[in-house]
Amino acid sequence: MQKITSTSNEKIKFLKTLKSKKGREESGTYLLEGKRSVLDAVKHNVKFARILIQEGYELDFEPDCEVLEVSRHVLEALSEVSAPEGIIAQAVMQDLTFDASKIEGLVVFLDRLQDAGNVGTIIRTCDAAGVGAVVLSQNCVEVFNPKTIRATMSSIFNVPVMVAEDSIKALESLKDSGYTVYSAALGGENFYSVDKIDKNKSCIVIGNEGNDICDEILEISDKIIELPMRGGAESLNAAIALGVLVYGFMFRN
């Protein structure tokens with residue numbers, strides 16, 4: 001096992017490039033840190049290109065890739081958190097290509113969401129509720145952004161996540177498969193008054209935090225819905241709104 005104590009090492013310099021979107025896209029890999037995240041990735045057969053462990057850290061599995069033992073300050077140079085747990089993996093990106101034929105159950109569609117924390121929290125919420133798939137529009141924040149991955153709390157490996165190159169075509173393909181598209185937007189029908197919802201053939205669309213859902217999607221939506229606002233707030237955080245809607249769809253009578 002190679003031991004590295006300098007951040008000037010060529011392998012460490014390369015891994016630092018994975019902290020940028022360009023570096024991740026060019027290599028097809030991303031950094032995954034923390035014991036739970038790495039072990040969950042192992043359980044879901046995620047491939048690793050390399051694993052870094054802090055001096056003295058004991059692995060709980062037998063990796064089939066290069067393992068580097070690094071000093072604490074090298075690990076901290078790669079970490080996105082203030083107190084790294086002692087393990088970081090260079091993981092190979094999963095295929096996120098949208099494929100309507102591989103989707104079953106309730107679908108959540110995210111239109112141009114830019115907040116990595118929101119997207120990660122939404123994926124985690126969808127995992128908890130048993131959603132069939134989370135689909136992101138092409139111009140959403142990157143799925144493999146470290147903040148997105150961290151916010152999912154490993155749910156990225158539990159629920160199918162896909163990226164649609166063309167939002168309209170993706171939604172149309174779902175409609176062709178019998179799905180009803182519900183877009184959450186101001187001025188829509190009170191969600192709690194909507195009846196005859198088939199959770200297994202429904203798609204909930206949530207829009208950009210500042211600009212809402214694009215007009216093109218609203219035009220092809222089967223129904224516009226909104227959550228009632230009885231207080232003084234103008235809107236809800238996208239992840240909170242999605243959580244209320246998802247549980248409403250999944251567990252309503």
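Residues numbered from 1 in each chain as written. Predicted model: local features only at pLDDT ≥ 70, side-chain atom pairs only at ≥ 80, totals over all residues. Heavy atoms only, no water.

A. Representation of helix H7 (residues 167-176) in the model. Among the residues of H7, Ser 167, Ala 170, Leu 171 and Leu 174 are the ones counted as buried. The buried residues of H7 occupy one face: seen down the axis, they fall within an arc of 95°. Exposed and oriented more than 90 degrees from the buried face of H7 are Lys 169 and Asp 176. Where H7 is buried, its residues contact strand S6 (107-110), strand S7 (133-137), strand S8 (161-164), strand S9 (180-190), strand S10 (202-206) and helix H8 (215-220). Taking the backbone nitrogen of Ile 168 as reference, a side-chain oxygen 3.1 Å away marks Asp 166 as the first, capping residue of H7. One or two residues past the end of H7 sits Gly 178, with phi positive at roughly 100°. (Buried < 20%, exposed > 50% of the residue type's maximum accessible area, 1.4 Å probe, protein only. Helix = DSSP H or I, 4+ residues; strand = E, 2+ residues; numbered from the N terminus. Arc of directions from axis to C-beta. Contact = heavy atoms within 4.5 Å. Polar contact = N/O pair within 3.5 Å; in protein donor to acceptor, adjacent residues only side chain to side chain.)

B. Representation of the sheet that holds strand S1 (residues 2-4). The 5 strands are arranged S1-S4-S3-S5-S2 in an open sheet whose pairing can be described as mixed. Unpaired on one side and paired on the other, S1 and strand S2 (29-33) mark the two borders of the sheet. With direction set aside, neighbouring strand axes in the sheet form an average angle of 25°. In the sheet, S1 pairs with strand S4 (residues 66-70) via 3 bridges, with the strands oriented parallel. (Pairing = 2+ DSSP bridges. Axes fitted to C-alpha atoms, helices over the stretch in contact; angles between N-to-C directions.)

C. Spatial organisation of the pairing of S8. In this structure, S7 lies alongside S8, joined through 4 bridges in parallel fashion. Opposite Val 134, over in S8, you have Val 161 as the bridge partner. Handedness of the β-α-β unit built from S7, helix H6 (residues 146-152) and S8 comes out right-handed. (Right-handed = clockwise from strand over helix to strand, strands pointing away.)

D. Layout of the sheet that holds S6. The strand order S8-S7-S6-S10-S9-S11 describes an open sheet built from 6 strands, whose pairing is parallel. The open sheet terminates on both sides in strands that have one partner only, identified here as S8 and strand S11 (223-226). The mean inter-strand angle of the sheet, taken between neighbouring strand axes irrespective of direction, is 35°. Summarising the sheet, S6 and S7 pair through 4 bridges and their orientation is parallel. Bridge pairing in S7 links Phe 109 to Val 135. The strands touched by helix H5 (residues 116-129) within the sheet are S6, S7 and S8, with S6 carrying the most contacts at an inclination of about 175°.

E. Geometry of the packing of aromatic side chains. Tallying each qualifying case throughout the model produces 5 aromatic pairs. Three or more aromatic residues joined by ring pairs form one cluster here, namely Tyr 182, Phe 191, Tyr 192 and Phe 249. (Phe/Tyr/Trp six-rings, centres within 6.5 Å; stacked < 30°, edge-to-face > 60°.)

F. Fine view of the pairing of S2. Counting buried positions along S2 yields 4 of 5 residues, so the element is predominantly enclosed. Sheet topology places S2 next to strand S5 (residues 87-92); 5 bridges connect them, and they run antiparallel. Of the residues in S5, the one forming a bridge with Glu 33 is Ile 88.

G. Here's a closer look at the environment of Ser 137. Within the element layout of this structure, Ser 137 appears in strand S7. Counting along the chain gives 29 residues from Ser 137 to Asp 166, while the straight-line C-alpha distance between them is 7.2 Å. Sequence-distant contacts of Ser 137, that is, excluding residues within four places in its chain, are made with Phe 109, Leu 110, Asp 111, Arg 112, Val 163, Ala 164 and Ser 167. Among the polar contacts listed, one links the side chain of Ser 137 to the backbone nitrogen of Arg 112, at a separation of 2.9 Å.

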